[in-house]
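# Structure at a glance
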Amino acid sequence: QALTQVEGAFGVAVISADEPGTLIGARKGSPLIMGVRAPDGAGGGASYFLASDASAVVEHTRDVIYLEDSEMVVIRRGAAYEMMTLA
């Protein structure tokens, strides 16, 4: 909800001390991508990376999702990510 009050362009990633297993990324005007690495097959889950450019995650994965303008992603440890529009 706080991001709807921010003015200007931004690409941001946030982790809260209250919810350390949750990563939130959002963009408005500035680029933000989410890199996705599939589970490793040894019991490890998928890995996610947030960056402003694909070159920052290319050594970890080649699978990326480009967030649309005014879009937000919530990534929770051990769960699927959720995309939503900033209201």
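Use the structure listed above.
Residues numbered from 1 in each chain as written. Predicted model: local features only at pLDDT ≥ 70, side-chain atom pairs only at ≥ 80, totals over all residues. Heavy atoms only, no water.

Across the sheet, which stays open at both edges, the three strands sit in the order S4-S3-S5 with antiparallel pairing between neighbours. Only two strands of the sheet have a single neighbouring strand rather than two, namely strand S4 (47-51) and strand S5 (64-66). Averaged over all neighbouring strand pairs, the angle between strand axes comes to 20 degrees, with direction disregarded. (Pairing = 2+ DSSP bridges. Helix = DSSP H or I, 4+ residues; strand = E, 2+ residues; numbered from the N terminus. Axes fitted to C-alpha atoms, helices over the stretch in contact; angles between N-to-C directions.)

Turning to the nonpolar core, a few remarks are in order. Within the largest apolar cluster, six residues are counted, these being Leu-32, Met-34, Val-36, Leu-67, Val-73 and Ile-75. Elements with a minimum of two residues in this core: strand S3 (33-37) and strand S6 (71-76). Within the second largest apolar cluster, five residues are counted, among which are Phe-10, Ala-26, Met-72 and Val-74. (Core = buried A, V, L, I, M, F, W, Y, C linked by side-chain atoms within 4.5 Å. Buried < 20%, exposed > 50% of the residue type's maximum accessible area, 1.4 Å probe, protein only.)

Reported here for the largest pocket is a volume of approximately 260 Å³. Lining the largest pocket are 14 residues, with Gly-21, Tyr-48, Ile-75, Arg-76 and Arg-77 sitting closest to its centre. Taken together, the elements giving at least two residues each to the lining of the largest pocket come down to strand S2 (19-28), S4 and S6. The element contributing the most residues to the lining of the largest pocket is S2, with four residues. Of the residues that constitute the lining of the largest pocket, the class distribution is seven nonpolar, five polar and two charged. (1 Å grid on protein atoms, 1.4 Å probe; cavity = no way out; pocket = protein on both sides within 12 Å on 5 of 7 lines; lining within 4 Å. Points joined across faces, edges and corners; volume = space filled by probe spheres on them. Nonpolar A, V, L, I, M, F, W, Y, C, P; charged D, E, K, R; others polar.)

The subject of this paragraph is the sheet that holds strand S7 (residues 82-85). A sheet is described by the order of its strands in space; here four strands give the open sequence S1-S2-S6-S7, paired in antiparallel fashion. Two strands lie at the open edges of the sheet, namely strand S1 (10-16) and S7, each paired on one side alone. Averaged over all adjacent pairs, the angle separating strand axes in this sheet is 15 degrees, with direction ignored.

Take unusual backbone geometry next. Residues apart from glycine generally show negative phi values, whereas peptide bonds are mostly found in trans. Although it is not a glycine, Ser-70 adopts a positive phi angle of roughly 65 degrees. If you trace the backbone, Ser-70 turns up in the loop between S5 and S6.

Inspection of the entire model under this criterion finds two salt bridges. The shortest N-O distance in the salt bridge between Asp-69 and Arg-27 comes to 3.8 Å. You can see Asp-69 sitting in the loop between S5 and S6 and its partner Arg-27 sitting in strand S2, a full 42 residues away along the chain. When its relative accessible area of 44% is taken as the criterion, Asp-69 is described as partly exposed. With its nearest N and O atoms 3.8 Å apart, the salt bridge here joins Glu-82 to Arg-76. (Salt bridge = Lys/Arg side-chain N within 4 Å of Asp/Glu carboxyl O.)

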